[in-house]
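Close look at the chain arrangement
In case you want the letters, here they are:
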Amino acid sequence: MTPLTPPHPVTPATPLVAGVLLAAGGGRRLGGRPKALLPYRGRPLVEHAVRVLREGGCAVVHVVLGASAELVRERAELPGCVVVENPGWADGMGSSLRVGLASLAADPRGVDAALVSLVDQPGIGAAAVARVRGAYGARDALAAASYDGRRGHPVLFGADRWAGIAAGAEGDRGARDYLAAHREAIALVECSDVAEPFDIDTEADLYRLEG
């Protein structure tokens, strides 16, 4: 089993903050359409989410697939991404977070922090990613976007935090319990002026993907 805290790089270098895109959802309330493949500006939504991470400064991006993973691989263009599959995606976001962190821990480039985003939040763009990424200070960092004082995505986890986060990532709660227990350590980064944290969860939300 790969340890969830990668070793420190041998040579001092610019810290590597990698993007982790959770894109495994099956879209149960969307008629079973996988969220990664929802059409957005003529292409699968997962491509947009990857582009946002890259434009926000994450040169390394790991994408966690689940529902219809083979179909997503066929239809979406994800060059340069590390694409991993979560066979337990139906158990909730927690399992996908564990898979994503394990993938980062095994990355030979020596990742210092994970910047986690969700595929179904197209209103969160590169500006918010860049702000939260900029909150990295050390491998025990904890940071999150804030929208009018309310914590949201993306979130940043320093590598020293990964094992603790993975241990508590169950069901659809993801890292929520860990973050609640370490509230005082979280750097909140206000992003309400540059992003809208809505989710694409139901048919009524699909209008947000138009245009």
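For clarity, every value in this text was computed on a predicted model and none was experimentally measured.

**Remarks on the overall build of the chain**
Scanning the chain for helices and strands turns up 6 helices and 9 strands. Taken over 211 residues, the chain has a buried fraction of 53%. For the chain, long-range pairs separated by at least 24 residues make up 72% of all intrachain contacts whose partners lie at least 6 apart in sequence. Roughly 9800 Å² of accessible area belongs to the chain as shown, and the carbon and sulfur atoms make up 51% of that amount. Positive and negative side-chain charges in the chain, numbering 22 and 25 respectively, have mean positions lying 0 Å apart.

**Regarding the pattern of salt bridges**
In the structure shown here, the tally under the stated rule is 12 salt bridges. In this structure, the salt-bridge partner of lysine 35 is aspartate 201, at a minimum N-O distance of 2.7 Å. Taken as a pair, lysine 35 in the loop between β1 (17–23) and β2 (39–40) and aspartate 201 in the segment after β9 (187–190) lie far apart in primary sequence, 166 residues in all. Of the residues examined, lysine 35 reaches a relative accessible area of 12% and is grouped as buried. Across the pair aspartate 107 and arginine 109 runs a salt bridge, and its minimum N-O distance is 2.8 Å. Owing to a relative accessible area of 7%, aspartate 107 belongs among the buried residues under this scheme. Judged by relative accessible area, arginine 109 falls into the partly exposed class, the value being 46%. Among the ionic contacts, a cluster of salt bridges with common partners joins Arg29, Lys35, Asp120 and Asp201.

**Focus: the nonpolar core**
If you look at the biggest cluster of nonpolar residues, it comprises 43 residues, and the most contacted ones within it are Leu21, Ala23, Val46, Val63, Leu115, Val132 and Leu156. Taken together, the elements giving at least two residues each to this core come down to β1, α1 (45–55), β4 (61–65), α2 (69–75), β6 (113–118), α4 (126–133) and β7 (142–147). When residues of this core are assigned to their parent elements, the largest contribution, 6 residues, is made by α1. Excluding residues that lie within four positions of it along the chain, valine 132 makes contacts with Leu115, Ala143, Ala144, Ala145, Pro154, Val155, Leu156, Val189 and Cys191.

**Some details on the sheet that holds strand β5 (residues 82–85)**
Judged by pairing direction, the sheet is mixed, and its 7 strands sit side by side in the order β5-β4-β1-β6-β8-β7-β9 without closing on themselves. With partners counted over all chains shown, the strands left at the sheet margins are β5 and β9, one partner each. Neighbouring strand axes in the sheet, compared pairwise and without regard to direction, differ in orientation by 25 degrees on average. One ladder, built from 4 bridges, connects β6 with strand β8 (residues 150–158); its direction is antiparallel. Bridging from a neighbouring strand, alanine 113 pairs with glycine 158 of β8. Here α1 sits on the sheet and contacts β1, β4 and β6; the angle it forms with β1, its principal contact strand, is near 165 degrees. With respect to the sheet, helix α3 (residues 93–105) is in contact with β1, β4, β5, β6 and β8, its orientation differing from that of β1 by roughly 150 degrees.

**Quick word on α4**
Along α4, the residues classified as buried are Ala126, Ala128, Val129 and Val132. Projected onto a plane normal to the axis of α4, the buried residues spread over an arc of 160 degrees and lie on a single side. On its buried side, α4 packs onto α1, β6, β7, β8 and β9.

Cut-offs and rules
- Residues numbered from 1 in each chain as written.
- Predicted model: local features only at pLDDT ≥ 70, side-chain atom pairs only at ≥ 80, totals over all residues.
- Heavy atoms only, no water.
- Helix = DSSP H or I, 4+ residues; strand = E, 2+ residues; numbered from the N terminus.
- Buried < 20%, exposed > 50% of the residue type's maximum accessible area, 1.4 Å probe, protein only.
- Contact = heavy atoms within 4.5 Å.
- Areas by Shrake-Rupley, 256 points an atom, 1.4 Å probe, with all protein chains shown as cover.
- Lys, Arg positive; Asp, Glu negative; His and termini not counted.
- Charge placed at Lys NZ, Arg CZ, Asp CG, Glu CD.
- Salt bridge = Lys/Arg side-chain N within 4 Å of Asp/Glu carboxyl O.
- Core = buried A, V, L, I, M, F, W, Y, C linked by side-chain atoms within 4.5 Å.
- Pairing = 2+ DSSP bridges.
- Axes fitted to C-alpha atoms, helices over the stretch in contact; angles between N-to-C directions.
- Arc of directions from axis to C-beta.

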